[in-house]
Amino acid sequence: MGEYSKEEIKNIEEKWRREWQKRDVYKVLNESTKPKYYVLDMFPYPSGAGLHVGHPLGYIASDIVARFKRVKGFNVLHPMGFDAFGLPAEQYALEHGIHPAVSTADNINNFKRQLGKIGFCYDWSREVQTCDPTYYKWTQWIFLQIFDSWFNRKKEKAERIFELVKIFESEGNTNHTFPNSKYTISGKEIFSANDWKSFDEKIKQAILMQYRLAYLAYTDVNWCEALGTVLANDEVINGVSYRGGFPVVKKQMRQWSLRITEYAERLLKGLDEIDFSESMKDIQRNWIGKSVGARIDFHLTPALPAGRPGPSRGENASLTPSPSPGERGRETSDKKFWPYLKDFAKENRQNPTEEETILWEELRNSKLGHKIRRQHTIGVFIADFVCLDKRLVIEVDGGYHIANKEFDQARTEFLRIEGFHVIRFTNEEVKNDLKKVLHKIKESLDKSPSIKESGVNSSPSPTEMGPGDEVLTVFTTRPDTIFGVDFMVIAPEHELVKKITSPRQKEEIEKYLKYVESRSEIDRMAEVKKITGCFTGAYAINPFNERKIPVWISEYVLAGYGTGAIMAVPCGDERDYKFAKHFSIPITNIIGNHYNGEEANPTKEAILENSDFLNGIVMHEAIDIVAQKLEEKGIGNRQVNYKMRDAGWSRQRYWGEPFPVVYKDDVPYAMEESELPLELPPSNNFKPSGNGEGPLANLKDWINFAPDAKPAYRTGRRDSNTMPTHAGAAWYFLRYMDPHNTKAFADPKALDYWNQVDVYIGGSEHAVAHLLYARLWTKVLHDLGYIKFDEPFKKLINQGKITGDSRFVYRAFVTWTAWGDETPPKIHPSIFVSKGMVDKLESSEKFSEDWSNTVGVINSQLKVMNENYRKSGKLTGGEYQVSFEDFSPLHVDVSKVDGLELDTEAFKKWKPDFANAEFILEEGKYICGSAIEKMSKSYFNVVNPDQIINDYGADTLRMYEMFLGPLEQSKPWNTSGIDGVFKFLRRIWNLAHDATSNLKISEAEPTREELKVLHNLIRKVEQDINNFSFNTSVSAFMICANELSSLKCNKRAILEPLIICLSPFAPHIAEELWEKLGHKTSILEASYPAFNEEYLKENDFEYPISINGKVRAKMNFALDMPKDDIEKLVMASEIVMKWTEGKAPKKVIVVPGRIVNVVL
RNA sequence: GCCCGGGUGGUGGAAUUGGUAGACACGCAGGACUUAAAAUCCUGUGGCCCUUAAAGGCUGUACGGGUUCAAUUCCCGUCCCGGGUACCA
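Heads up: these notes are all about the structure in this document. (Residues numbered from 1 in each chain as written. Chains lettered and ligands numbered in written order. Predicted model: local features only at pLDDT ≥ 70, side-chain atom pairs only at ≥ 80, totals over all residues. Heavy atoms only, no water.)

1. Points about the overall build of chain A
Logical step 1: Secondary structure assignment for chain A yields 39 helices and 39 strands.
Logical step 2: By the burial criterion, 51% of the 1160 residues in chain A qualify as buried.
Logical step 3: When contacts within chain A are restricted to residue pairs at least 6 apart in sequence, those whose partners lie at least 24 apart make up 72%.
Logical step 4: Carbon together with sulfur atoms contributes 50% to the accessible area of chain A, which is approximately 53,600 Å² in total. (Helix = DSSP H or I, 4+ residues; strand = E, 2+ residues; numbered from the N terminus. Buried < 20%, exposed > 50% of the residue type's maximum accessible area, 1.4 Å probe, protein only. Contact = heavy atoms within 4.5 Å. Areas by Shrake-Rupley, 256 points an atom, 1.4 Å probe, with all protein chains shown as cover.)

Here it is, written out as structure tokens:
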């Protein structure tokens, strides 16, 4: 029996889900004679809310492609898995006490149950879960490969660290300077092979860390004190935390980062080879933010009277105000770590140990002849006492703020390299024999060479520097405007600020720096365009015309981009212009009448004026001329900058991959492959452990790692952080190729065979993070020789979001007025007023005609209601009234609404509150308000696919989701059209069945007309699938079904090919019909029918005959009729004669097979 | 602000290199079947005008211009919506 009824569908679909599983039809092998095709979905994060109708949109599309490619004869890889590490599970654990592993497993099961019902052809034997140790073993392994790599800029590819060591041993770093140009070792950017050999292990490791593609560094993070954790950028909204709205500050923390900036150019170039939408590429290009320009050095004139050194170093304390003690460390401190260190130093100064206090008092009072500083930062360390002139460090052991011995040792080593001599005293020595201690210090001071003689490489301090030695380097994309530079602006954090500020400006500058520091991220964001700044008192010299240019500092110049300094050209740059106007800086016009004096003009097309040797040259040509000159003079060079920053890779979280490293002396060492995976230790404490450490630091036994095993360095401490979710997602597409391999992340043969993902379908919200990281990991693995391709995804399709279509009801404010002394009624009805009337009342003037009419309508319905209440005894007298002003819109469950009309009975049953609801109707209906919002439980607009499948079956759901509109477009979910799709499937079914629902197939030869209908479909569906235009192929199916229905065609020769075409879209019904047609094997084994153009050939064509471009008639001509003949016949026709009124036309255009146009 | 993408009936949306605007579906209206309803089937359906009817006319793809025999499609300007980005020199 076979009626395609809603009951029967369930049986059919369940039957086939069972059969497919039983027959294992979706199993994919890595060996095949067929060509391969790899269709991939972005795997979901298994949230607790389960699947809603938005999720399957992309999955259905990819499933159609996969099934289509399969019937086209490809060996198709179409896997599914779960991005199972992540924050929500951890938050859920904190709130509900359920372990992330448990809730994640539950959620995955629920997702799989829901996905299973939709009939996807996933090979579940290849499923991956990123939280599975057998999976993240390889995530960790790949991380270690990245850690063990550096980017060889000469070859533009990653190489192993040992190759770099070899280079250092033979030639130092002359040819491979530090990737971060601001980094120096003992003040120098370059070290020789001999230098390298003289460095000890710790220094070598510190240097290598500067090159590694996965590296540890102090980086800015979003620190939320209230939550005790670091937040990702997308967890910070307008300067406060996404959860809780707590303030977030930038803080420096030692974190893992991936040196993705080294790949900026390749990531950019790679975009040209892959088939992503232009908008997606634009987003990535924007993110990478390449700008081409030049670096230019400007010498600074002395800001101070000649011969006078910079800001006081104590000796000159009487001359200029001394910097606060806390600021001094800045000079010797590692700049990057300074903000972080200075707080520690300050804290230490405020909480000295007893011994420190004793010693400090003595050092201050005894005339040592040298300035001693307390809690001074050097590099990344803080020394107890320092004499900078003599490069002497005095340490008192056992200070309670010093964490451990190893740390002290590491510091000593570092200080030695930096040219400091360290002497060390124990607490006891200080306490018991202070005299001896002082003597020793004096001795050491006398012995120590002063810095100038020592020959130690260190950056010259301001005291030593002659005036005018300073160089200010800027980055500009417009070197052509060099003669239009009216001022320079440097970032407030710029290292030169302290050095160049003139005594006269000192106070102003310090005031400004305080202001900048006081400004939170929220302030800055709120007032981005606010113009602030301060003159330093220093001047730069324009290298081409020796002009003196004032140097300012301002917030609008960012320390982190370029050199943190700009040359300002107010006639050509909007911000520079505003700044100049605000501070009344005279503006030089170098672009003639392109500049109108009222706003900047950033043109590149102007002819330069006031520009010395550039006069008369078009700007865009001058760019290169200046760059050339700069290079000749050795004061600059062409340079490229990128906006993109390195990717922060540490999270203070539990539910993620632990970093497979062990720290010894603060240096991370890779674990060995045999020791992987480093499993996430069981824990129920997910709270951050404070100090910016991750929750894993709570597990003392785990974090302090002391194995008995071989290499000694493996005794140490583990990393308390975990990797971000991006880690697992950065390579999962490779694991699907060979998911159970225990020897490698995937077998090279499998990697070669499946190669790139042919089509990748997912949301555009992953445009930057996920897609860039996946591309990066692929490139690194490619460079290291593990895979042969260096772009993971050949083609990307972004499905649009499905938004929810919310419905509202409007509750009126209800009052009861007594007529006499009736007792108040027992019931309190909620009265809901229909949308149209609410709109009228709200939009029209009170007591206007419209308003009064509406009130009248409402009152008449209230009157009926009141009468009914009285009749039924609910009301003894008096009456209910409503306010005509206040209506509160309430979200109503979309399932209680048909289109916009509320099902009032269902609504009353929905919630007890509404049991006594009354409705003020318009034209007998209650019309709801509507809004398109994201799907959310709290808006009652979530549509669950289970519900649709239950009502209509999976095939209808699949086709309907495709029918909604173009895949890439966002669209609101609305079930109103779903009946049409269901009816279509039933029509297909009925083609093979008679009126009494019995199978009836004709074996007769098809007619030419039937074949034409079929082959139109074959061609259209194939084209549409290739174009990802599924909505149009669904309508092609509908047209085909309608036409075959009216032809009453039930011929096997037509229906068999038809259902093969249909099978990717509606696999269950197709498989059922296929079986009914007598096939024993799955329709997946069938072949897509061959298209034959012969059947579509027409002999003649009905030409639209237009007159002056407007169609007035139609005439049938043979397609091979010559133009002239057509023209003659058209001109002779009655209708055309009517329009021409016998006159000759100006022109007649005949487009064969298209149109005829007569121009009068 | 800047960079993308988009704007077509009551609704979702079709429309090859410029060549019959509104395919397909929903909704709506009318009809058939039915005691009735549901379901199903049939017909009509951008707006306006004219006509008893047949037919016909005008107008119409956000708005204003332009190119062309012909524009939803190409060009210029304006408005609105969605996405990305945010002082990136």
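Moving on from the model shown.
2. Topic: helix α21 (residues 574-582)
Logical step 1: Within the sequence span of α21, burial applies to Asp 576, Tyr 577, Phe 579 and Ala 580. Angularly, the buried residues of α21 cover 165° about the axis, an arc narrow enough to put them on a single face.
Logical step 2: Of the surrounding secondary structure, the elements contacted by the buried residues of α21 are β16 (487-490), β18 (548-553) and β19 (565-568).
Logical step 3: Two or three places before Arg 575, at the opening of α21, Asp 573 has a side-chain oxygen 2.9 Å from that residue's backbone nitrogen.
Logical step 4: Downstream of α21 by a residue or two, Ser 584 has a phi angle that is positive, lying close to 55°. (Arc of directions from axis to C-beta. Polar contact = N/O pair within 3.5 Å; in protein donor to acceptor, adjacent residues only side chain to side chain.)

3. A few points about the protein's contact with RNA strand B
Logical step 1: As a matter of local geometry, RNA strand B sits amid 47 residues, with Thr 477, Val 528, Arg 575, Leu 964 and Arg 1154 nearest to it.
Logical step 2: Backbone atoms, meaning sugar plus phosphate, form 63% of the atoms of RNA strand B positioned within 4 Å of the protein.
Logical step 3: Within the side chain of Gln 969, one N or O atom sits 2.7 Å away from a phosphate oxygen of RNA strand B.
Logical step 4: In the environment of RNA strand B, a phosphate oxygen lies 3.4 Å from a nitrogen or oxygen atom belonging to the side chain of Lys 1147. (Near = heavy atom within 4 Å.)

4. Re the packing of aromatic side chains
Logical step 1: Across all of its chains, the model carries 75 aromatic pairs by this definition.
Logical step 2: An angle of 85° between the planes, with centres 6.4 Å apart, marks the rings of Trp 196 and Phe 199 as edge-to-face.
Logical step 3: We classify Trp 196 as buried; its relative accessible area is 2%.
Logical step 4: A centroid spacing of 6.1 Å and a plane angle of 75° characterise the contact between Tyr 732 and Phe 733, whose relative ring orientation is edge-to-face.
Logical step 5: Taking the relative accessible area as the measure of exposure, Phe 733 reaches 1% and is therefore buried.
Logical step 6: Ring pairs connect the aromatic residues Phe 168, Phe 178, Tyr 183, Phe 191, Trp 196, Phe 199 and Tyr 211, which therefore count as one cluster.
Logical step 7: Looking at Arg 259, its charged tip hangs above the ring of Tyr 215, at a distance of 3.8 Å from the centre.
Logical step 8: The ring of Tyr 539 has Lys 548 sitting right over it, with the charged end atom 4.5 Å from the ring centre. (Phe/Tyr/Trp six-rings, centres within 6.5 Å; stacked < 30°, edge-to-face > 60°. Lys NZ or Arg CZ within 6 Å of the ring centre and 35° of its normal.)

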